[in-house]
Amino acid sequence: MSLARAVNPNENETSTAAETVVMVQGLSKVFKDFWGRPKAHAVNNVSFQVRRGEVFGLLGPNGSGKSTTVKLLLGLLNPTRGHIEVFGRSTRHVATKRRIGYLPEESYLYRYMDSAETLDFFGSLFNLSSDERQQRIEQLLEMVGLDKVRRRTVGEFSKGMQRRIGLAQALINDPDLVILDEPTSGLDPIGCREVKDLIVELARRGKTVILSSHLLADVEDVCDRVVIYYGGKIQAMGSLKELLSTPDRLRITMPVLERETLEKVLAMIRADLGRKLPETAAQESVVVDSPSQNLESYFLDIVKKARSSAEETSGAVSGGTVARYLRSEDSERVQAKDRILERLASSKESAPETPVPEKKGEAPAALSEDASQKLSALLPKTPLQASTEQAASGETSPASLQSEERRENLKKAGEKLSDLLGNKGNK
Amino acid sequence: MKQILAIAKLTLKAAFRFKIVALLSLFLVVSVTALPLLIKDDGTARGFIQILLTYSMGLTVTTLGLATLWLSCGILARDIEDCRIQLMVVKPVARWKIWMGKWLGILILNAMLLGGVGMVIYGLLEYRGGRLNEDQKFVLENEVFVARGSAKEAAIDLTETVEEIFQDRMRQSSLQDVDHAQLKKQIFEMLKHQFQLVPQGMMREWDIPLGVNPAKLRDKPLYLRTKFIAMSHNSTFDDTRTFPMFWEVGPMDSPQSWRVVMPMTPNVFHEIEVPPNLLDENGHLQVRFINNQNETFYFDVNEGMEVLYREGGFLANYLKGLLILFCWLALLAAIGLSASSFLSFPVASFFAVSVLILGLSTGTMSQVIEEGGITGVDHETGKVEERGVIDHISVFFFKELKKLTEVVLDFSPVELLSEGRTVTWWMVCKAIVQIVILVGGVFVALGVYCFSKRELALPSGGQG
């Protein structure tokens, strides 16, 4: 279910002109006690708009008003002040709810029903025909990795499995607006990645996603725009690009260059900077490093290997493909292409397993040992590197020392993860 | 409708999977089966079967009634408190449909339980009845396992006589200051009392129109259901002795008239089997009582004489009786759901049980209305002498509540079944309209309104 997101250079222009799906204006919610006295100002004068096809994040610490905003959007609470429109209608308008899917922050499912029954029940609330329900149930259960445990009641599920079935029920109606409250809460890293991929896929299909979370990585990975809540108020709002970019810095990522080429490039850069900055500052402001793989990518890689040797698990298995009815045409094409590539790749037994950056927010792959050595030689040595070099024997370079140390650490982490996954034999 | 049915199905699933149905069914079947071992009857097979029927159905209705209240309070309140309702209301289903779906689910559950236990009771009655001797079977089949219609004498019209006596009194004495309406009422009561008395050596005749084609009752026995009070010489009631009562049934002076002397005790109902084919050409039955005792007998206009005749079989009658019981359960479900629409589960349960107790306190209501209040009742007069605001409010409240209660409790299917009387379709329709549509409708409207307005995601679990 790994999906790369297409970059649209005209994204801003198109989204500005796009249909407003959610319009919130001057929204306030005051919780009152039995006697009508104000108890808590959960949301205070909040205004924002969400446009079609956007992944919009509500970000904030616990108790900041994110979930209350979500509940106001869904008509589960009445605003004390302000105005909300969803698809141009009141939040209480019944027919509009046909276009909305909602995953609450907790599992609010019926514990005595199994997965298939749960989806069948919610499907029938959308007046879906029996055949349609069955088709979607099959696809959704496969998508969330619960098709093998479809007859186990929800009460017997782990928290992660409950999140998965909760997500499936939110998508049973192929909604135009998906509201997800802490969707990755309780999920393992694989589940988190799948949910995030799914969100991206939904957005690609023109669906609007509102994501409420306090997990910064989730929001950063998938959201186009975010509002940051604190104390019921919006503290910041805008696209991630606007909020996170540092315009006075530049980062270039590329394949490893020959030493001579790199020297030339660095000399040019330093010469250019030397005209504006003192020499020392010009030297220090240029940093060349090999980006490291982040833990999520590394974990997913380890699990992928472990899964290929492990036969069974009593819990949820990794989800399959996105349900057919939720997939976009682009995605179908991408998947078809992926399958061809997979076939080609599988024919080469010794194909290197180099992690490839799949989407934004994910770090590029690690450099080879040789490339690291080249880079180290080009860059001025840091005091730490210098001392390490002095301490080491003349035969071992600092870069290779670092690389070996890193490899050792990664190996240890890999063993730990394999143990956790019960694949000791896979060390 | 699909959505309502889906929610009803969900409610049923909950009841089955939490083993509520299994437990209730087991309890009811065991209770109903074990009941005959515990009950005391009058020694006759007829009495035993009547008591068995009354107790079994009473137990079933009480158990199912309380279970319905508990379940209906819990099924919605728990969903709200545990936030499960949030996932339902964010779907394109109107809140009234959710409410009605829950109600329908409880109704289907009640129908299943009542139907199941009803069939067990019916089977037990048939089994018990089948083991009796032929004479007892005959009595049962004609007096209990039957649907009998009933007819009474037309209401007496004393208006003209009252007016004549009133005018006569007015001429005789100056009664200008007297309340005329009150005086007429007193004259009416006096005449009515005299009309109900049968002194020594006198005869009382009842001309009872059966209202059915006499051909339909050809060769079928009729039953006189009568009750009297013996008034001894010192004008006190005496119900310890047995009197040989002389009855004549059939057209006056007809050779076909049937005569019988029956030993009877006062103050209890007696049924006298009358041979067939004694109706006149208009379908009327004349019944005469000749008082040849040294006593005066009192026959109440309402309860003194009634003719019962076979209309149909017991099973259909029994099912109609169950339908009326089901109407009561439907109302209880509406009360429970209505309470849980705006209250938490414990408070809703308390509220619903309070409503039930209040509704069944008709005796207390009548007493308060009669005494004119609830404070400072004078023990000698039995009235509240100085009525305050509270008394006025309580009397008004209880009067209205009594009217409402009477609309609901104006049916006695168990009593009718045990007496082998017909539960008419009219009664069933009336029960549906009065209990379910009118009174139940008030609770449904209240519940749906509160549920529709309620904020379902409040931090305290949604209690408004």
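Shown above is the structure to which this text applies.
What you see is a predicted model; the values in this text were computed from it and never measured.

A. Layout of the side chain of Thr-226 of chain B. Tracing the backbone through its elements, the reader meets Thr-226 of chain B in strand S4 (residues 222–226). Once residues lying within four places of it in the same chain are set aside, the contact partners of Thr-226 of chain B are Trp-247, Met-264, Val-268, Phe-269, His-270, Ile-272, Phe-299, Gly-304 and Met-305 of chain B.

B. Summary view of the pattern of salt bridges. According to the stated counting rule, one finds 44 salt bridges over all chains in the structure shown. One salt bridge connects Asp-197 of chain A with Arg-193 of chain A, and the closest N-O pair in it is separated by 3.5 Å. Here Asp-197 of chain A pairs with Arg-193 of chain A, and both are found in helix H6 (residues 189–204), just 4 residues apart, close to one helical turn. Overall, Asp-197 of chain A belongs to the buried group, its relative accessible area being 3%. We note a salt bridge from Glu-419 of chain B to Arg-225 of chain B, for which the minimum N-O separation is 3.3 Å. Here Arg-225 of chain B lies in strand S4 and Glu-419 of chain B lies in the loop between helix H13 (413–418) and helix H14 (425–453), a separation of 194 residues in the sequence. When its relative accessible area of 16% is taken as the criterion, Glu-419 of chain B is described as buried.

C. Spatial organisation of the packing of aromatic side chains. Residue and element names in this part refer to chain B. As enumerated under the stated definition, the model contains 21 aromatic pairs over all chains in all. The residue whose ring lies beneath Arg-95 is Phe-451, and the NZ or CZ to ring-centre distance is 6.0 Å. The positively charged end of Arg-148 is found above the aromatic ring belonging to Tyr-223, 5.3 Å away from the centroid.

D. Spatial organisation of the packing of helix H2 (residues 20–38) of chain B against helix H5 (residues 95–130) of chain B. Residue and element names in this part refer to chain B. Packing of H2 against H5 brings their axes to within 10 Å, and their N-to-C directions diverge by 20°. One way to sum up the angle between H2 and H5 is to call them roughly parallel. Two packed elements cross with a definite hand, and for H2 against H5 that hand is right-handed. Counted together, Val-21, Leu-24, Ser-25, Leu-28, Val-29, Val-32, Thr-33 and Pro-36 of H2 and Leu-109, Leu-113, Val-117, Val-120, Ile-121, Leu-124 and Arg-128 of H5 form the full contact between these two elements. Partitioned by chemical class, the residues of the contact of H2 with H5 number 12 nonpolar, 2 polar and 1 charged.

E. Representation of the sheet that holds strand S3 (residues 203–209) of chain B within the structure. All names here are of chain B. In space, the 4 strands of this open sheet follow the order S3-S9-S6-S7, with antiparallel pairing throughout. Edge positions in the open sheet fall to S3 and strand S7 (258–264), since each of these has one partner strand only. The mean angle between the axes of side-by-side strands here comes to 25°, regardless of whether they run parallel or antiparallel. Bridging between strand S6 (residues 243–249) and strand S9 (residues 284–290) involves 4 bridges; their strand directions are antiparallel. Within the sheet, the bridge partner assigned to Phe-246 lies in S9 and is Ile-290.

So, how was this worked out
Residues numbered from 1 in each chain as written. Chains lettered and ligands numbered in written order. Predicted model: local features only at pLDDT ≥ 70, side-chain atom pairs only at ≥ 80, totals over all residues. Heavy atoms only, no water. Helix = DSSP H or I, 4+ residues; strand = E, 2+ residues; numbered from the N terminus. Contact = heavy atoms within 4.5 Å. Salt bridge = Lys/Arg side-chain N within 4 Å of Asp/Glu carboxyl O. Buried < 20%, exposed > 50% of the residue type's maximum accessible area, 1.4 Å probe, protein only. Phe/Tyr/Trp six-rings, centres within 6.5 Å; stacked < 30°, edge-to-face > 60°. Lys NZ or Arg CZ within 6 Å of the ring centre and 35° of its normal. Axes fitted to C-alpha atoms, helices over the stretch in contact; angles between N-to-C directions. Parallel < 35°, antiparallel > 145°, perpendicular 65-115°, else oblique. Left-handed = near helix turned anticlockwise from the far one by under 90°. Nonpolar A, V, L, I, M, F, W, Y, C, P; charged D, E, K, R; others polar. Pairing = 2+ DSSP bridges.

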